[in-house]
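Read off the chains here:
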Amino acid sequence: MNKIINKVKKSALLKLSFLYVVSLFAHTSLYAQGGKDLFKTNCAACHSVGANKLVGPGLEGVNEKRTREWLLKWTKNSGELIASGDADAKAIFEEFNKIPMPAQALSDEQLNEIYDYIANPNAETAV
């Protein structure tokens, strides 16, 4: 009798563990966004991936113009970069009517996905 109960417990524990792992994966997949979706959600209101200026500059070629380190600093807190005296940051701020880019509360990973998308907006996205 104890062997049967232990077997049922092990089976139930295995099933629960499997369901937990599956639910974690499903939860992560639901909230994971690729660079294109992140761009549309966080950037497209002010920027294009092309050369067109909107509220802010078009971002075509931005990965060649600036380092990732600079882009991360700018995107996370443009005001701080402008205040530091960075010549490029000040020039962009002046060019766009002294309207600072709002700080973006995204992770480095998310921002890098956006920059990768900007670098190649026509690439097929992996599923």
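Use the structure listed above.
Read on for a plain summary of the structure. (Residues numbered from 1 in each chain as written. Predicted model: local features only at pLDDT ≥ 70, side-chain atom pairs only at ≥ 80, totals over all residues. Heavy atoms only, no water.)

Overview of the environment of L38
Along the chain, L38 falls in helix α2 (residues 35–42). Overall, the relative accessible area of 2% leaves L38 in the buried class. The spacing of L38 and L106 is 68 residues in sequence and 9.5 Å in space, taken between C-alpha atoms. Residues within four places of L38 in sequence aside, it is in contact with Q33, C43, Q110, E113 and I114. (Helix = DSSP H or I, 4+ residues; strand = E, 2+ residues; numbered from the N terminus. Buried < 20%, exposed > 50% of the residue type's maximum accessible area, 1.4 Å probe, protein only. Contact = heavy atoms within 4.5 Å.)

Focus: unusual backbone geometry
Even without a glycine there, the phi angle at N97 is positive, about 55 degrees. Tracing the backbone shows N97 in the loop between α6 (87–95) and α7 (108–119). Residue N97 is classed as exposed on the basis of its relative accessible area, which comes to 64%.

Thoughts on α2
Listed in full, the buried residues belonging to α2 are G35, L38 and F39. An end-on view of α2 places all buried positions within 100 degrees of arc, on one side of the element. Opposite the buried face of α2, at more than 90 degrees from it, the exposed residues are K40 and T41. Its buried side turned inward, α2 meets α7. (Arc of directions from axis to C-beta.)

Details of the packing of helix α4 (residues 68–76) against α7
α7 packs onto α4 with a crossing angle of 115 degrees between their chain directions and a minimal axis gap of 11 Å. Classified by the interaxial angle, the pair formed by α4 and α7 is roughly perpendicular. The crossing of α4 and α7 is right-handed. From α4, R68, L71, L72, T75 and K76 reach across to α7, where they touch D108, L111, N112, Y115 and D116. Of the residues in the contact of α4 with α7, the class split is four nonpolar, two polar and four charged. (Axes fitted to C-alpha atoms, helices over the stretch in contact; angles between N-to-C directions. Parallel < 35°, antiparallel > 145°, perpendicular 65-115°, else oblique. Left-handed = near helix turned anticlockwise from the far one by under 90°. Nonpolar A, V, L, I, M, F, W, Y, C, P; charged D, E, K, R; others polar.)

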